[in-house]
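Architecture at a glance
Okay, here's what each chain looks like letter by letter:
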Amino acid sequence: MSSENLSDTPMEYEDEKQDSQEKNANLVKGEEVKLKAKYPGLGQKPGGSDFLMKRLQKGQKYFDSGDYNMAKAKMKNKQLPVAGPDKNLVTGDHIPTPQDLPQRRSSLVTSKLAG
Amino acid sequence: MAGAGGGGNDVQWCFSQVKGAIDDDVAEADIISTVEFNHSGELLATGDKGGRVVIFQQELESKNQPQCRGEYNVYSTFQSHEPEFDYLKSLEIEEKINKIRWLPQKNAAQFLLSTNDKTIKLWKISERDKRPEGYNLKEEDGRYRDPTTVTTLRVPVFQPMDLMVEASPRRVFANAHTYHINSISVNSDCETYLSADDLRINLWNLEITDRSFNIVDIKPANMEELTEVITAAEFHPNQCNTFVYSSSKGTIRLCDMRASALCDQHSKLFEEPEDPSNRSFFSEIISSISDVKFSHSGRYMMTRDYLSVKIWDLNMESRPVETYQVHEYLRSKLCSLYENDCIFDKFECCWNGNDSVVMTGSYNNFFRMFDRGYRQDVTLEASRESSKPRSVLKPRKVCTGGKRKKDEISVDSLDFNKKILHTAWHPQDNIIAVATTNNLYIFQDKL
């Protein structure tokens, strides 16, 4: 990768290295500007803990039997909010029901690697 | 550079085998999540998202074909982990196998540790090639004989039978991790092993399942103050008191278990100082270390972050001794890689048997090798197109600028869904196992 640089004097090589580092930094800064333009609210809260929290909470699903029974009772009176397109995300306003929790099924089929 | 593949002397890598389905419709369960050779290289284990383990065994080299190394064929396959739901915590526990680690072989049987997010299991894989026949009280099919019909006595004898490979769970190490297990590592003492989750590392004795010792705990008293998590951990290959763990902030801590029971205070802290002018929103994310591996010699360790592979000398904490760029052209794509979550992909890395070459995966089913001695690197591709038996792999090149040469691929054409996260190198020979999403490729050097 750097065979072309062997003939340069040490000074020139250092300059080139700095140049490419600057170029890299500019590329990345450009990407950051793009991102902030799309999502203006990003990074307002301490960003680090946001995705760390999300990472730690992976797998969290909520089912509340109280909510479920209340919802069942209310269904007689009015239409309930329908489950959104993402059935896997069960939080907040949406009333979770056992049907919405994805079925946990173990793989009964042998791995295709062994086939 | 044509043909140069690392290992110096222009190693030429050839396709050997590919395992898995050809169709593009990949079931989630078939996604390969870990690949590991055992200590002799005779066995190759894979784990998948469906909680299954498949073990391949290398055939003995045949006298007829001295030019070929033995092929890897299925030896055993079993369901290691099942999906679970923790009702108390409302937590769904995936059956995905995060890591497999082999124990050094002590007797005829083979042992491996496999882990999902919460539970580690010790599996015994043993062969049965004889069975007892000629019981007095039982028929050959197992039915019991009427005792009154037994008039003579005979001694049952072992008769040869077709080889049967059995996998049985010998230990289950459960309920020791609140957070998700990312690493397991067997100690060189062959008696203990560590398991690491996002915030804690535990030490286990392989014989004891109801107790484990916490040796690292980085959970802050107030979770609002959480700034980094543990991303990987490994025991030193020959110093049984030493282990390292990497963090999401790009640091590696080396700990000595002789210093104290709780190794929250590190013995060494490896961190490369960051140029403040390079700081950006992405800095911390791309510096997060996704894998750490000691060299076989124990003198060096390698870390993988999003864009590079770094080699550290254990005697020098201030900066790595070598840095290799895996796919620096992605710097201009960081915005979209953040949006499609690819920036969080966890690539692994591995050493070859004599620590002269390191390998890691990339996108578009590319993988990279860096020869430390000859200062050469190469990009190869795992694809069905280059899968003719013993065909030599052609080096690939990604072009970043405007003018795309023939055979080069432009950054914009890369398929970010085709990622090679898991690779493994045979402990002695130039045989590598490369996992694409749902296929396992085996490549060998041309003999």
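Residues numbered from 1 in each chain as written. Chains lettered and ligands numbered in written order. Predicted model: local features only at pLDDT ≥ 70, side-chain atom pairs only at ≥ 80, totals over all residues. Heavy atoms only, no water.

Helix and strand content of chain B: 2 helices and 32 strands. Radius of gyration (C-alpha) of chain B: 24 Å, near the 22 Å computed for a compact globule of 447 residues. Each principal axis of the C-alpha atoms in chain B carries an extent, and together these give about 95 × 60 × 40 Å. Counting all 447 residues of chain B, 54% fall into the buried class. Contacts in chain B between residues far apart in sequence, at least 24 positions, make up 54% of those at least 6 positions apart. Entry remark: accessible area of chain B is about 20600 Å², with carbon and sulfur atoms responsible for 47%. Here chain B contributes 54 positive and 67 negative side-chain charges, whose respective centroids are spaced 3 Å apart. (Helix = DSSP H or I, 4+ residues; strand = E, 2+ residues; numbered from the N terminus. Rg over C-alpha atoms; globule rule 2.2 N^0.38 Å. Buried < 20%, exposed > 50% of the residue type's maximum accessible area, 1.4 Å probe, protein only. Contact = heavy atoms within 4.5 Å. Areas by Shrake-Rupley, 256 points an atom, 1.4 Å probe, with all protein chains shown as cover. Lys, Arg positive; Asp, Glu negative; His and termini not counted. Charge placed at Lys NZ, Arg CZ, Asp CG, Glu CD.)

Here the focus is the overall build of chain A. From N to C terminus, chain A includes 3 helices and 0 strands. Secondary structure elements in chain A, listed N-terminal to C-terminal, are α-α-α. Burial status across chain A gives 17% buried among its 115 residues. Accessible area for chain A stands at about 8900 Å²; split by element, carbon and sulfur atoms hold 55% of it.

Here we come to the confidence of the model for chain A. Regions with low pLDDT should not have their predicted coordinates read in detail. Residue and element names in this part refer to chain A. Predicted confidence across chain A gives a mean pLDDT of 67, with 50% of residues reaching 70 or more. When the elements of chain A are averaged for pLDDT, helix H3 (residues 65–75) gives the smallest value, 71, and helix H1 (residues 10–38) the largest, 80. With pLDDT under 50 throughout, residues 1–8 is counted as low confidence; its partners more than four residues away or in other chains account for 6 contacts. (pLDDT = per-residue confidence, 0-100.)

Attention now goes to the nonpolar core. If you look at the biggest cluster of nonpolar residues, it comprises 25 residues, and the most contacted ones within it are B:Phe282, B:Tyr306, B:Leu330, B:Leu334, B:Leu337, B:Ile343 and B:Leu414. Those elements that place two or more of their residues in this core are H1 of chain A together with helix H1 (283–287) and helix H2 (334–339) of chain B. If you tally residues by element for this core, the top one is H2(B), at 4 residues. In terms of nonpolar packing, the next biggest core, distinct from the first, is built from 18 residues, B:Met369, B:Leu380, B:Ala382 and B:Val434 among them. (Core = buried A, V, L, I, M, F, W, Y, C linked by side-chain atoms within 4.5 Å.)

All right, on to the sheet that holds strand E27 (residues 376–381) of chain B then. Residue and element names in this part refer to chain B. Here we have 4 strands laid out as an open sheet, ordered E24-E25-E26-E27, and antiparallel in their pairing. Among the strands making up the open sheet, the edge pair consists of strand E24 (349–351) and E27. Strand after strand, the sheet turns through a mean of 20° between neighbouring axes, direction not considered. Relative to E27, strand E26 (residues 366–371) is paired through 6 bridges, and the arrangement is antiparallel. Directly across from Met369, in E27, lies its bridge partner Val378. (Pairing = 2+ DSSP bridges. Axes fitted to C-alpha atoms, helices over the stretch in contact; angles between N-to-C directions.)

This paragraph deals with a negative patch on the surface. A surface patch of negative charge is lined by A:Asp15, A:Glu16, A:Asp19 and A:Glu22. Turning to its location among the elements, A:Asp19 is positioned in helix H1. (Patch = residues over 30% accessible without salt bridge, like charges linked within 9 Å, V, L, I, M, F, W, Y side chains within 5 Å. Salt bridge = Lys/Arg side-chain N within 4 Å of Asp/Glu carboxyl O.)

Okay, the side chain of B:Ser290 next. Residues and elements named next belong to chain B. Of note, Ser290 is situated in the loop between H1 and strand E20 (291–294). From its side chain, Ser290 meets the backbone oxygen of Phe347 in a polar contact 2.7 Å long. Beyond its immediate chain neighbours, meaning those up to four positions away, Ser290 contacts Thr231, Ala232, Arg304, Lys346 and Phe347. (Polar contact = N/O pair within 3.5 Å; in protein donor to acceptor, adjacent residues only side chain to side chain.)

This part covers the pattern of salt bridges. The final tally for this structure, using the stated rule, is 32 salt bridges over all chains. Measuring nitrogen to oxygen at the nearest pair gives 3.1 Å for the salt bridge that ties B:Asp198 to A:Arg55. Of this pair, B:Asp198 sits in the loop between strand E13 (192–196) and strand E14 (200–205) while A:Arg55 sits in helix H2 (residues 47–56), placing the two residues on different chains. The closest approach of N and O atoms between B:Asp141 and B:Arg143, which form a salt bridge, is 3.1 Å. You can call B:Arg143 exposed: its relative accessible area is 55%.

As a further point, take the pairing of strand E8 (residues 99–102) of chain B. Residue and element names in this part refer to chain B. Here E8 shows a buried face lined by Lys99 and Arg101 and a second buried face lined by Ile100 and Trp102. Here E8 pairs with strand E9 (residues 110–115) via 4 bridges, running antiparallel. Pairing of Arg101 across the sheet is with Leu113, part of E9.

The next subject is the sheet that holds strand E30 (residues 422–425) of chain B. All names here are of chain B. Strand order in this open sheet of 4 strands is E1-E32-E31-E30, and the pairing throughout is antiparallel. Either end of the sheet is taken by a strand with one partner, and the two such strands are strand E1 (13–19) and E30. Between one strand axis and the next, the sheet turns through 20° on average, direction left out of account. Alignment of E30 against strand E31 (residues 431–435), held across 4 bridges, turns out to be antiparallel. Each residue of the ladder has a partner; that of Trp425, found in E31, is Ile432.

Next up on the list: the interface of chain A and chain B. If you look at the interface, chain A gives 38 residues, while chain B gives 62 residues. Counting the surface lost from both chain A and chain B, the interface buries some 4200 Å², and carbon and sulfur atoms represent 58% of this. Applying the counting criterion to the chain A and chain B interface returns 3 salt bridges. A salt bridge links B:Glu339 to A:Lys38, with the shortest nitrogen-to-oxygen separation between them at 2.9 Å. Our count for the chain A to chain B interface comes out at 10 residue pairs in polar contact (both at pLDDT 80 or more). Looking at the side of chain A that touches chain B, the elements that each hand over two or more residues are H1 and H2 of chain A. Per-element accounting of the side of chain A that touches chain B gives the leading share, 11 residues, to H1(A). In terms of residue class, the side of chain A that touches chain B is built from 17 nonpolar, 10 polar and 11 charged. (Buried area = accessible area lost by both parts, 1.4 Å probe. Nonpolar A, V, L, I, M, F, W, Y, C, P; charged D, E, K, R; others polar.)

Let us now look at unusual backbone geometry. Residues and elements named next belong to chain B. Unusually for a residue other than glycine, Asn365 sits at a positive phi of about 60°. Examined against the element boundaries, Asn365 turns out to sit in the loop between strand E25 (357–361) and E26. Relative accessible area serves as the criterion here: at 10%, Asn365 is assigned to the buried category.

This next bit is on the environment of B:Ile215. Take B:Ile215: it is sitting in strand E15 (residues 208–217). Distance from B:Ile215 to B:Trp204, taken between C-alpha atoms, is 10 Å for residues 11 residues apart in sequence.

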